[in-house]
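Residues per chain are reported as follows:
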Number of protein chains: 2
Amino acid sequence: MEAAQSPFPSAQEKRAAREAKRAAVLRAAVQMFNERGFHQTSLDDVAARLGISKPTIYHYLGNKDQVLLECVSIGLGQLIEAAEQSRAREGSGADRLIAFLVRYAEVNMDDFGRCVIRTGDEALAPESRKRFRALKRQIDSDMRGLIAAAVEDGSIPPCDVRLMAFTLAGALNWPARWHDHGGALSSEAVARQMVDILARGFLPR
Amino acid sequence: MEAAQSPFPSAQEKRAAREAKRAAVLRAAVQMFNERGFHQTSLDDVAARLGISKPTIYHYLGNKDQVLLECVSIGLGQLIEAAEQSRAREGSGADRLIAFLVRYAEVNMDDFGRCVIRTGDEALAPESRKRFRALKRQIDSDMRGLIAAAVEDGSIPPCDVRLMAFTLAGALNWPARWHDHGGALSSEAVARQMVDILARGFLPR
DNA sequence: CAAGCAATCTACTCACGCGTAAAATTTTCG
DNA sequence: CGAAAATTTTACGCGTGAGTAGATTGCTTG
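Because the structure is predicted, anything quoted here is derived from the model rather than measured.

### Some remarks on the protein's contact with DNA strand C
Around DNA strand C lies a shell of 18 residues, among which Arg18(A), Ser53(A), Thr56(A), Tyr60(A) and Lys54(B) are the nearest. For DNA strand C, a phosphate oxygen lies 2.9 Å from a polar atom in the side chain of Lys21(A). Within the backbone of Lys64(B), an N or O atom sits 2.9 Å from a phosphate oxygen of DNA strand C. For the surface near DNA strand C, the secondary-structure elements that each account for two or more residues are α1 (11–36) and α3 (54–60) of chain A together with α3 (54–60) of chain B. The element best represented in the surface near DNA strand C is α3(A), accounting for 4 residues. Counted by class, the surface near DNA strand C contains 7 nonpolar, 6 polar and 5 charged residues.

### Digging into the domain arrangement of chain A
Residue and element names in this part refer to chain A. Domain parsing of chain A yields domain 1 (10–62) and domain 2 (64–202). Tallying the contact residues gives 16 residues for domain 1 and 13 residues for domain 2. Both faces combined, the contact of domain 1 with domain 2 buries some 1400 Å², and carbon together with sulfur accounts for 70% of it. Looking at the side of domain 1 facing domain 2, the largest losses of area belong to Leu26, Asn34 and Phe38, adding up to 42% of the total buried there. For the pair domain 1 and domain 2, the number of links is 1 salt bridge. A salt bridge links Glu70 to Arg22; its shortest N-O distance comes to 2.9 Å. Linking domain 1 to domain 2 there are 7 residue pairs in polar contact (both at pLDDT 80 or more).

### Some details on the protein's contact with DNA strand D
Around DNA strand D sit 16 residues in total, of which Lys54(A), Arg18(B), Ser53(B), Thr56(B) and Tyr60(B) are the nearest. In DNA strand D, atoms within 4 Å of the protein come 58% from sugar and phosphate. Residue Tyr58(A) places a side-chain N or O atom 3.1 Å away from a phosphate oxygen belonging to DNA strand D. In this structure, Lys21(B) approaches DNA strand D through a side-chain N or O atom, which is 3.0 Å from a phosphate oxygen. Of all elements in the fold, only α3 of chain A together with α1 (11–36) and α3 of chain B reach the threshold of two or more residues within the surface near DNA strand D. The element best represented in the surface near DNA strand D is α3(B), accounting for 4 residues.

### Let's talk about the pattern of salt bridges
Evaluated as defined, the whole model comprises 24 salt bridges over all chains. Residues Asp121(A) and Arg133(A) are paired through a salt bridge, measuring 2.8 Å at the closest nitrogen-oxygen approach. Of this pair, Asp121(A) sits in the loop between α6 (111–118) and α7 (126–152) while Arg133(A) sits in helix α7, and the two are 12 residues apart along the sequence. Here Asp121(A) falls in the buried class, since its relative accessible area comes to 16%. Between Lys54(B) and Asp44(B) there is a salt bridge whose closest N-O contact spans 3.6 Å. Of this pair, Lys54(B) sits in helix α3 while Asp44(B) sits in helix α2 (residues 43–50), and the two are 10 residues apart along the sequence. Among the ionic contacts, a cluster of salt bridges with common partners joins Glu19(A), Arg22(A) and Glu70(A).

### Notes on the interface of chain B and chain A
Facing 33 residues of chain B, the contacting portion of chain A comprises 33 residues. Note on chain B versus chain A: buried area summed over both sides is about 3100 Å², and carbon and sulfur give 59% of it. It is Trp174(B), Arg200(B) and Arg205(B) that lose the most area in chain B upon contact with chain A, and together they represent 22% of the buried surface on that side. Scanning the region where chain B abuts chain A turns up 2 salt bridges.

Rules behind the numbers
Residues numbered from 1 in each chain as written. Chains lettered and ligands numbered in written order. Predicted model: local features only at pLDDT ≥ 70, side-chain atom pairs only at ≥ 80, totals over all residues. Heavy atoms only, no water. Near = heavy atom within 4 Å. Polar contact = N/O pair within 3.5 Å; in protein donor to acceptor, adjacent residues only side chain to side chain. Helix = DSSP H or I, 4+ residues; strand = E, 2+ residues; numbered from the N terminus. Nonpolar A, V, L, I, M, F, W, Y, C, P; charged D, E, K, R; others polar. Domains from an automatic or database assignment. Contact = heavy atoms within 4.5 Å. Buried area = accessible area lost by both parts, 1.4 Å probe. Salt bridge = Lys/Arg side-chain N within 4 Å of Asp/Glu carboxyl O. Buried < 20%, exposed > 50% of the residue type's maximum accessible area, 1.4 Å probe, protein only.

Here is the structure:
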């Protein structure tokens, strides 16, 4: 614990405190969604886990649909960020692609990333679903772009980009279902080894 | 329509008719589960689609949990059957593995197979969940067995069997989420092309 | 100090959907 | 035919969980 600040929080601190509470709600919610599933988790459950009451959640997030949308948006945001960082990297197209894939896999084993994979579109209300799908299209497009760029610069042989993207994404999505954070393999190790297996398939011989 | 049988059905025909009705309920249910999601599909919806009433469904299947369990059991049954047939096949271990993978992917794009992938364990009641998990463990074990056999007979190089199985399964599960039966690519084509991509990764160079 | 705003709670409403009771209809068969 | 078994329906009970109303407390600020 830090030394006591002034007991009179600034507007900045005020906003930060509010943001922290909002984040705490999302964290608790996403963990419970991942454990029990979205429909098996009531907002009363989430509130109880945090030692607060349900209306408090409604104070920070409009409704359950919003909670879920926020969770998957965070996860997808991390993936989109990973794509940006990979594109900015130096090296061949294949290098950038591989760096992205490793990070992609890691995110999918994290709380918010797992939620993205485990959440079916149907769980969201129509408007939220549109947003969810748009974000997913975005990372799909990013992945295809990275693959195409690697083909372009000759660091991997030509292939059906669309199907390659689906294959790679599918393989690296799946740990969201089985990987156990308490298990023997760290998510980093799993990510790296799976990408190794996949890279053997698309790198030139 | 066939010419009229005797209007007095035999006990055999009786049982078959009942079985056909039961199957029709499951077919309708699984399709709606895949379209809208399990929790967004009420048994009243399913009944309406069939032009019957909800208690009729309860007459053929005990409850909603049973309906879902039956659906995923059918899908998993098809996968287990595929494993058996592949093992009985001639050729190298790699040949048998590839044949299995193609069939595995195809099943996962079919009604019941898709349901297996899209259904999270949490959706099922505790007892059904156990059964579901046991069946999934079974095909996982089958897949690992086929990989190990291929390594054994030297038709593919050594690898981490567990992680290879997860990688292959993940990639070939994913079409359950995106493949559209109305789309340009048939499920057979998708299966074959994805397995080609993956096989480049594990076959010897 | 009083008005106002933020945060939180208790206590409710309300719809939905699972599952069932019990009756009606049809089929089977002695 | 008439009794019993199978099939299917109408009509309901009932729990659960999303979302809300309104009160309470405490802090901020004119």
